[in-house]
Amino acid sequence: MTYVVTDNCIRCKYMDCVEVCPVDCFYEGENMLVINPNECIDCGVCEPECPAEAILPDTENGLEKWLELNTKFSAEWPNITVKGEAPADADEMSGVENKLEKFFSPEPGEGS
Ligand code: SF4
Ligand code: F3S
């Protein structure tokens, strides 16, 4: 198994998760992060750190598309290990539904 980043990360991108991951397996897109499932050691430390509750174990039902998305984009986006500044409207964006359809960007972030 692995943990995966899901819908509510998009445009929230708080980045508290990167500070606690012992194996630095987060990768940065323009407006969300993903986990590399091949590097994640399933420690679970990041899950409670995310203010958007966007990190889930892939053992939960219905997360196949997120596992695919995390796998695909962690191979394309740069690694991130240092917390940056969240978007100014992150709190307003938390809880908005269907962000994948509305706001997902395949563009890479800057990494750190
Ligand atoms: Fe990193 Fe652990 Fe979260 Fe996996 S579960 S992404 S290893 S902090
Ligand atoms: Fe995203 Fe939560 Fe990390 S919003 S960037 S998964 S702390």
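Residues numbered from 1 in each chain as written. Chains lettered and ligands numbered in written order. Predicted model: local features only at pLDDT ≥ 70, side-chain atom pairs only at ≥ 80, totals over all residues. Heavy atoms only, no water.

As annotated in an unreviewed UniProt entry, the protein is Ferredoxin from Sphingobium limneticum. What UniProt states about the protein under its Function (unreviewed entry) heading is, verbatim, "Ferredoxins are iron-sulfur proteins that transfer electrons in a wide variety of metabolic reactions." (UniProt positions renumbered as here; feature names shortened; annotations may be inferred.)

**Q** Any details on the environment of Lys 13? Residues and values, ideally.
**A** Looking at the element boundaries, Lys 13 is found in the loop between strand S1 (3-5) and helix H1 (16-20). A residue is classified by how much of its surface remains accessible, and Lys 13, at 9% relative accessible area, is buried. In this structure, the C-alpha to C-alpha distance between Lys 13 and Thr 81, residues 68 residues apart in sequence, is 13 Å. Aside from chain neighbours lying at most four places away, what touches Lys 13 is Glu 28, Gly 29, Glu 30, Asn 31, Met 32, Leu 33, Ala 86 and Pro 87. Of note is the side chain of Lys 13, whose polar atom sits 3.0 Å from the backbone oxygen of Gly 29. Engagement of the side chain of Lys 13 in a polar contact is seen with the backbone oxygen of Glu 30, the distance being 3.1 Å. (Helix = DSSP H or I, 4+ residues; strand = E, 2+ residues; numbered from the N terminus. Buried < 20%, exposed > 50% of the residue type's maximum accessible area, 1.4 Å probe, protein only. Contact = heavy atoms within 4.5 Å. Polar contact = N/O pair within 3.5 Å; in protein donor to acceptor, adjacent residues only side chain to side chain.)

**Q** I'd like to hear about the site of ligand 1, residue by residue, with values.
**A** Within the structure, ligand 1 sits among Tyr 3, Cys 21, Pro 22, Val 23, Cys 25, Phe 26, Ile 35, Cys 40, Ile 41, Cys 43, Gly 44 and Cys 46. Here ligand 1 is seated within the second largest cavity. Partitioned by chemical class, the residues of the shell around ligand 1 number 11 nonpolar, one polar and no charged. (Near = heavy atom within 4 Å. 1 Å grid on protein atoms, 1.4 Å probe; cavity = no way out; pocket = protein on both sides within 12 Å on 5 of 7 lines; lining within 4 Å. Sits in = over half its atoms within 2 Å of the grid points. Nonpolar A, V, L, I, M, F, W, Y, C, P; charged D, E, K, R; others polar.)

**Q** Provide a residue-level description of the site of ligand 2, including the pertinent values.
**A** Val 5, Cys 9, Lys 13, Tyr 14, Met 15, Asp 16, Cys 17, Leu 33, Cys 50, Pro 51, Ala 52 and Ile 55 make up every residue found near ligand 2. The cavity where ligand 2 resides is the largest cavity.

**Q** I'd love a proper account of empty space enclosed by the protein, names of residues and values included.
**A** With the rule as written, the count across this model stands at two cavities of 30 Å³ or more. Taken as a whole, the largest cavity encloses approximately 100 Å³ of empty space. Around the largest cavity, the lining is made up of 15 residues, and of these Cys 9, Tyr 14, Met 15, Cys 17 and Cys 50 lie nearest the centre. Within this model, the second largest cavity holds a volume of roughly 70 Å³. (Points joined across faces, edges and corners; volume = space filled by probe spheres on them.)

**Q** Before we move on, could you go through the packing of aromatic side chains and cite the residues and values that matter?
**A** Under the criterion given, the structure shown has three aromatic pairs. Clustering of aromatic rings is evident, with ring pairs tying together Phe 73, Trp 77 and Phe 104. Lying across the ring of Phe 73, Lys 72 places its NZ or CZ 5.1 Å from the centre. (Phe/Tyr/Trp six-rings, centres within 6.5 Å; stacked < 30°, edge-to-face > 60°. Lys NZ or Arg CZ within 6 Å of the ring centre and 35° of its normal.)

**Q** Kindly report on helix H2 (residues 64-74), identifying the contributing residues and their values.
**A** Taken together, the buried positions of H2 are occupied by Trp 66, Leu 69, Asn 70, Phe 73 and Ser 74. Projected onto a plane normal to the axis of H2, the buried residues spread over an arc of 110° and lie on a single side. Residues of H2 that are exposed and point more than 90 degrees away from the buried face comprise Glu 64 and Glu 68. Close packing links the buried residues of H2 with S1, strand S2 (26-28), strand S3 (33-35) and helix H4 (99-103). (Arc of directions from axis to C-beta.)

**Q** Break down unusual backbone geometry for me, citing the residues and quoting the values.
**A** The phi dihedral of Met 15 falls on the positive side, at around 70°, and the residue is not glycine. With phi around 50°, Asp 24 is a residue other than glycine that occupies positive phi space. Looking at where Asp 24 falls in the secondary structure, it is placed in the loop between H1 and S2. Judged by its relative accessible area of 35%, Asp 24 falls in the partly exposed class.

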